[in-house]
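# Structural characterization, general
In case you want the letters, here they are:
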Amino acid sequence: MTAWNDYNSADDQNSFDLIPKGTLVKVRMTIKPGGHDDPAQGWTGGYATQNQTTGSVYLNCEFVVLDDPYARRKMWSLIGLHSPKGPEWANMGRAFIKGILNSARGLHPQDNSPPAQQARRINGFADLDGIEFVGKVEMEKDQHGEDKNVIKMAITPERKEYAGVMGKVAPQPVQHQAPSHPQQPAAAPIGRPSWAQ
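Residues numbered from 1 in each chain as written. Predicted model: local features only at pLDDT ≥ 70, side-chain atom pairs only at ≥ 80, totals over all residues. Heavy atoms only, no water.

Counting across every chain of the model gives four aromatic pairs. The interplanar angle of 40 degrees and the centroid separation of 6.4 Å between the aromatic rings of Phe63 and Phe96 together place this pair among those described as tilted. Of this pair, Phe63 sits in strand 4 (residues 57-65) while Phe96 sits in helix 1 (residues 88-105), placing them 33 residues apart in sequence. Like Phe63, the residue Phe96 is buried in the burial classification. Ring centres of Phe63 and Phe133 lie 6.1 Å apart, and the angle between their planes is 85 degrees; on these two criteria the pair is classed as edge-to-face. Taken as a pair, Phe63 in strand 4 and Phe133 in strand 6 (residues 132-141) lie far apart in primary sequence, 70 residues in all. Like Phe63, the residue Phe133 is buried in the burial classification. Taken together, the aromatic side chains of Phe63, Phe96 and Phe133 make up a single cluster linked through ring pairs. (Phe/Tyr/Trp six-rings, centres within 6.5 Å; stacked < 30°, edge-to-face > 60°. Helix = DSSP H or I, 4+ residues; strand = E, 2+ residues; numbered from the N terminus. Buried < 20%, exposed > 50% of the residue type's maximum accessible area, 1.4 Å probe, protein only.)

In structure tokens:
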């Protein structure tokens, strides 16, 4: 019988070594809602977070590794939407989201066909909540100066490693001819976002 006042027989804690820098992993991204909306910017649904001290706006994201050997490991990163200091942080955030969409939807970055352009559009941040893509593990320092893993880059289909990590055959670039059936991205399911369930 497990006694909640005697811990001599409890298991020892597991120590988790960091995932090596540069490792490619398939992840599911979820957004922790911050409650900041600005419909003029397209920020609705309460997904964005505003730092009350700096005024910066970002998506507070959790990335869960889906496959072994690091399955269920979690990392956290911010995706910049706005900084009072200038456009650089927002531009980096937009580039990261574009990479996520390319990775998740199997799009080559140079593919500018109408179906690819449509697949890089979202209806709102809800479309990104729960998206799965291939990410590159990086290292950053946490608030205590310790190393931590983060995801700051999405890996797209032109990289040879993409297919093996994503778990499917890498799509070929779309030929630039009039398709008989233009591909439409799968519509996001209508319902409550994952954080509201």
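Having seen it, we continue.
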